[in-house]
Amino acid sequence: MLITLEGLDGSGKTTVWEALHDVYPDAMFTREPTDSWYGEAVDRSIAADDADPLAELFLLTADHADHLSGTIAPALADGGLVISDRYSDSRFAYQAATLAASDVEIDRPLEYIKGIHAAFSRPPDATIYLDLGAREAAERAGRTNKFEQDGYLAAVRENYERLIDAEPDRFVRVDASRSPEAVIARVEEVLAELVDE
Ligand SMILES: Nc1ncnc2c1ncn2[C@@H]1O[C@H](COP(=O)(O)OP(=O)(O)O)[C@@H](O)[C@H]1O
Ligand SMILES: Cc1cn([C@H]2C[C@H](O)[C@@H](COP(=O)(O)OP(=O)(O)O)O2)c(=O)[nH]c1=O
């Protein structure tokens, strides 16, 4: 079973993901961007304010393809539980916002990016969305890179809402404005239900 954690920078994904290690000791915990050399290339692109938006999308997608074939697919084939801190929805939400704000002439960037993934990717069984306002998210994240900015994160948040509207059954929304303890407890509750199903 593949469960993904999604949300804006600073929404608390990593805090939750780390807390879950103790609850599911046999699960595979993974994340995107990965720590492979593809992921390192992604990190360089994220740090570059002048990165080409399409090149950045394809670097992130290359990292995802390698993550899927090398890590996620084998674990799922073994019948394991995989919990990933970010996955394809991050591309749909973030890079659609980046492309929309760029000079690249793609009419429907979110649909375009979904289309690229459709040919090879594996949709999550469920996605926990840590819901937080853009300003609070940017504040928590520290506004340290081009993505951690209020206006950009507001556009990303709108894209997440579109994704949730399109697949309401896959997403579980969790209020991320509450205390870390409350958010972790709620995610544990949701996960217990999902894993039991
Ligand atoms: N529920 C919460 N309330 C307040 N601060 C939080 C909460 N969850 C995480 N944080 C803090 O916000 C920052 C970003 O959290 P993190 O888990 O790294 O988020 P993400 O992985 O989504 O970027 C960290 O300093 C973390 O300690
Ligand atoms: C996986 C992924 C990450 N990102 C961005 C979100 C983050 O700003 C940055 C690094 O991801 P991450 O390390 O998960 O950051 P955070 O813990 O602050 O949420 O990469 C994308 O824009 N698209 C993607 O597909």
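Residues numbered from 1 in each chain as written. Chains lettered and ligands numbered in written order. Predicted model: local features only at pLDDT ≥ 70, side-chain atom pairs only at ≥ 80, totals over all residues. Heavy atoms only, no water.

Near ligand 1 there are 14 residues, and of these G10, K13, T14, T15 and R178 occur at the shortest range. Backbone polar atom of G10 to an oxygen atom of ligand 1: 2.8 Å apart, as the coordinates give it. One of the side-chain nitrogen or oxygen atoms of K13 is found 2.5 Å away from an oxygen atom of ligand 1. Alone, ligand 1 offers 560 Å² of accessible surface; in the complex the protein occludes 64% of this. Those elements that provide at least two residues to the shell around ligand 1 are α1 (13-23) and α8 (180-196). Among the elements that line the shell around ligand 1, the one with the most residues is α1, at three residues. Per-class residue counts for the shell around ligand 1 are four nonpolar, six polar and four charged. (Near = heavy atom within 4 Å. Polar contact = N/O pair within 3.5 Å; in protein donor to acceptor, adjacent residues only side chain to side chain. Areas by Shrake-Rupley, 256 points an atom, 1.4 Å probe, with all protein chains shown as cover. Helix = DSSP H or I, 4+ residues; strand = E, 2+ residues; numbered from the N terminus. Nonpolar A, V, L, I, M, F, W, Y, C, P; charged D, E, K, R; others polar.)

Residues annotated in UniProt with the feature "domain: Thymidylate kinase-like" (unreviewed entry) correspond here to residues 5-184. Structurally, residues 5-184 comprises 56% helix and 12% strand, and the distance from its first C-alpha atom to its last is 12 Å. (UniProt positions renumbered as here; feature names shortened; annotations may be inferred.)

Moving on, we get to the site of ligand 2. Taken together, 14 residues form the shell around ligand 2, and within it D9, R31, R86, R91 and Q95 come nearest. K13 places a side-chain nitrogen or oxygen 3.0 Å from an oxygen atom of ligand 2. At 2.7 Å, a side-chain N or O of R86 approaches an oxygen atom of ligand 2. For ligand 2, whose unbound accessible area comes to 540 Å², protein coverage reaches 87%. When residues of the shell around ligand 2 are traced back to their parent elements, those giving at least two are α1 and α4 (88-100). Top contributing element to the shell around ligand 2 by residue count: α4, with four residues. Looking at the shell around ligand 2 residue by residue, the classes come out as five nonpolar, three polar and six charged.

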